[in-house]
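Spelled out from the first residue to the last, the chains are:
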Amino acid sequence: MNTTEDHKILEGIVTGNEVVITTFYRKNLPYIRQYILQNSGNEEDAEDVFQDALILVYQKLKTDSLELHSSLRTYFYGICKNMWRNRLRKNKKMIITEKLPEDAEIITPTVIQDIEYKEREHIYRRHFLKLSDTCREVLSLLFQGNSMKDIAHITGYSEGYTRKKKFECKRYLIEMIEKDHAFQELQLNPEKEL
Amino acid sequence: MERTPEIFDKIEGYLAHTLPEEEIIAFEKELATNPELQQEVEKHRVLHKTLSDQDTLDFKEKLMQISTTIKEEQNNLSAPTSAPYWKIAASIAILLGVGMLLWYTYINQHNNTQDLYGAYYEPFPVEDAMRGNTNSEEMQSVVKNYAKGAYDSVAVVLEKHPNLNNQLQLYLGNSYLNIDQEEKAVSLFKDIKSSGKYYEVAKWYLSLTYLKLNTPKKSIPLLKEIITYNGAYKDKATRLLNALEKNK
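The structure presented is a predicted model; accordingly, all values stated were derived computationally and were not measured. (Residues numbered from 1 in each chain as written. Chains lettered and ligands numbered in written order. Predicted model: local features only at pLDDT ≥ 70, side-chain atom pairs only at ≥ 80, totals over all residues.)

Caption draft 1: Region of interest: the overall build of chain B. Scanning chain B from terminus to terminus reveals twelve helices and zero strands. Seen in sequence order, chain B has helices and strands lined up from the N terminus as α-α-α-α-α-α-α-α-α-α-α-α. Within chain B, buried positions represent 21% of all 248 residues. Taking all contacts inside chain B whose residues are at least 6 apart in sequence as the whole, residues at least 24 apart take part in 47%. (Helix = DSSP H or I, 4+ residues; strand = E, 2+ residues; numbered from the N terminus. Buried ≥ 20, exposed ≤ 12 C-beta atoms within 10 Å, placed from the backbone. Contact = placed C-beta atoms within 7 Å.)

Okay, here's the thing in structure tokens:
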């Protein structure tokens with residue numbers, strides 16, 4: 001059932017084609033939004049789930065591990081719904097109006113495990129993207145494995161300032177993550193490591 | 001565990017395998033007996049692993065950008081566009097555009113400020129020692145309610161007392177902060193005089209109240225004052241001040 005149309009969309013996602021992704025976003029967000037609003041969520045939850053599910057598809061495409069046994073849309077909706085159910089379960093607000101998960105065959109246990117495992121990553125990413133430009137620059141270079149000396153050289157800051165900035169930004173980031181309710185819920189109900 | 005630049009350097013060195021052999025042995029020895037350190041190392045490990053994936057970060061940023069664009073389009077679509085009144089419509093569109101820009105800037109700043117408030121605010125802790133007029137049965141129950149977060153009832157009782165001591169003023173001010181009555185919290189915190197031992201605490205909570213009110217400009221001089229005061233809140237104030245200046 002993997003049509004040419006789906007192929008085009010998948011290719012657009014993995015290459016970061018803005019037109020393709022925007023069209024996909026515009027077409028499919030209303031459905032997910034409706035599902036989440038009907039099931040104890042709000043607009044922001046809907047955007048988060050939609051984006052995080054797309055990231056999961058993107059990462060699967062990147063690592064060549066996307067197994068599509070249905071149309072892309074059915075698969076994608078399945079991921080979104082499972083992700084939202086998972087989040088509701090974690091914060092104990094599990095009231096789902098839907099009677100039976102209609103996607104049991106499409107979303108395999110491996111995908112469900114993937115959804116769980118990626119939860120922490122979504123939180124980390126969300127907070128990182130809220131940091132100031134300087135913090136993001138210094139920390140990105142650090143995460144890519146550069147030494148303080150290298151970072152100072154690349155950014156033009158002094159080594160002392162780089163080290164200070166690195167510490168302050170990282171500490172702030174960790175504090176923000178720790179304050180996030182979703183993170184606290186994950187700490188209380190940790191997901192299994194793969 | 002207190003976070004220091006030294007601990008961060010060590011954890012990073014450990015994760016990047018750049019520590020000298022003997023330091024690795026010492027670090028692993030400490031790690032084996034210190035669960036807090038284990039948790040901290042784990043946080044750093046996931047942080048490094050997740051955020052070193054620049055492609056996914058770029059993809060996420062693109063999605064955020066697309067989402068903003070779609071929202072803007074939807075907002076513009078709802079603006080009136082009927083043909084005979086095109087001039088009016090155009091003016092409205094421009095006004096909407098400017099308004100949206102201001103609104104987005106406001107929301108952005110607002111979100112950052114609220115995030116900082118969330119990151120730094122913790123209710124003033126209940127103190128063991130009761131001071132002055134806090135020893136009555138009524139006050140005992142106020143303190144109990146405060147400790148369990150029943151801020152409504154704390155405010156109801158304390159509001160009736162004309163001469164609260166500083167300790168109770170702090171409890172009341174913090175209760176106001178938790179029931180969204182910030183203006184009342186401001187006047188209470190301002191009322192705590194510079195001669196008492198609670199002066200610095202009051203300044204700290206006043207600066208946080210301004211943050212909650214989304215007027216970080218008013219917080220900044222207070223934080224500077226706390227830093228100069230050089231007391232228990234100096235460290236927190238320094239960090240918050242830095243974060244606020246980053247946000248500017």
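Resuming the write-up.
Caption draft 2: Spotlight on the overall build of chain A. A count of helical and extended segments in chain A gives nine helices and zero strands. For chain A, the succession of helices and strands along the chain, N to C, is α-α-α-α-α-α-α-α-α. Counting over 194 residues, chain A shows a buried share of 31%. Once local pairs closer than 6 in sequence are excluded, the contacts in chain A between residues at least 24 apart make up 67%.

Caption draft 3: Quick peek at the nonpolar core. Residue and element names in this part refer to chain B. With 52 residues, the main nonpolar core has V154, L158, L172, F189 and Y205 as its most contacted residues. If one sorts the elements of this core by residue count, helix α10 (residues 199-212) sits on top with eight residues. Each residue touching L172, except ones within four places of it in the same chain, is listed here: V154, A155, L158, L164 and L188. (Core = buried A, V, L, I, M, F, W, Y, C linked by C-beta atoms within 7 Å.)

Caption draft 4: Spotlight on the packing of helix α1 (residues 4-15) of chain A against helix α2 (residues 18-38) of chain A. All names here are of chain A. Running from N to C, α1 and α2 point in directions that differ by 115°, and their axes come no closer than 8 Å. As α1 runs across α2, the sense of the crossing is left-handed. Contacts between α1 and α2 pair K8, I9, G12 and I13 from the former with V20, I21 and F24 from the latter. Of the residues contributing to the contact of α1 with α2, the split by class is five nonpolar, one polar and one charged. (Axes fitted to C-alpha atoms, helices over the stretch in contact; angles between N-to-C directions. Left-handed = near helix turned anticlockwise from the far one by under 90°. Nonpolar A, V, L, I, M, F, W, Y, C, P; charged D, E, K, R; others polar.)

Caption draft 5: Representation of the packing of helix α5 (residues 109-128) of chain A against helix α3 (residues 35-51) of chain B within the structure. The contact between α5 of chain A and α3 of chain B brings their axes to 10 Å, and the two run at 75°. On the basis of the axis angle, α5 of chain A is roughly perpendicular to α3 of chain B. Contacts between α5 of chain A and α3 of chain B involve R120, E121, Y124, R125 and F128 of chain A on the former and, on the latter, V46, L47, T50 and L51 of chain B. Its residues assigned to classes, the contact of α5 of chain A with α3 of chain B comprises five nonpolar, one polar and three charged. (Parallel < 35°, antiparallel > 145°, perpendicular 65-115°, else oblique.)

Caption draft 6: Examining helix α6 (residues 133-143) of chain A more closely. Every buried residue belonging to α6 of chain A is among C135, V138, L139, L141 and L142 of chain A, and all of these are buried. An end-on view of α6 of chain A places all buried positions within 160° of arc, on one side of the element. Summarising the contacts, the buried residues of α6 of chain A are in contact with α7 (148-155) and α8 (159-179) of chain A together with α3 of chain B. Phi turns positive, to about 95°, at G145 of chain A, one or two residues after α6 of chain A. (Arc of directions from axis to C-beta.)

Caption draft 7: Structural detail: unusual backbone geometry. Residues and elements named next belong to chain B. One non-glycine residue, D180, adopts positive backbone phi at about 60°. Relative to the assigned elements, D180 resides in the loop between α8 (166-178) and α9 (182-191). The exposure class assigned to D180 is exposed, which follows from the 10 C-beta atoms found within 10 Å. In this model, N230 sits at a positive phi of 60°, which is unusual for a non-glycine residue. Note that N230 resides in the loop between α11 (216-229) and α12 (234-247).

Caption draft 8: Structural context of the interface of chain B and chain A. Contact residues are listed per partner, giving 29 residues for chain B and 36 residues for chain A. Of all elements in the fold, only α1 (5-15), α3, α4 (54-77), α5 (86-120) and α12 of chain B reach the threshold of two or more residues within the side of chain B that touches chain A. Here the element with the most residues in the side of chain B that touches chain A is α4 of chain B; it accounts for twelve residues. Across the side of chain B that touches chain A, the residue classes tally to 13 nonpolar, eight polar and eight charged.

Caption draft 9: Seen up close, helix α3 (residues 43-62) of chain A. All names here are of chain A. For α3, spanning 20 residues, the distance from its first C-alpha to its last is 29 Å, which sits close to the expected 28 Å at 1.5 Å a residue. Buried within α3 are the following residues: A46, D48, V49, F50, Q51, D52, A53, L54, I55, L56, V57 and Y58. The first or second residue beyond α3 is D64, which carries a positive phi of 60°. (Expected span 1.5 Å × (residues − 1).)

Caption draft 10: Quick peek at the environment of S219 of chain B. By the element assignment, S219 of chain B lies in helix α11. The sequence separation of S219 of chain B and S207 of chain B amounts to twelve residues, and the corresponding C-alpha distance is 4.3 Å.

Caption draft 11: Examining the confidence of the model for chain B more closely. Per-chain confidence: chain B averages 86 in pLDDT, with 94% of residues scoring 70 or above. Overall fold confidence (pTM) sits at 0.59, and the ipTM for the predicted complex is 0.90. (pLDDT = per-residue confidence, 0-100.)

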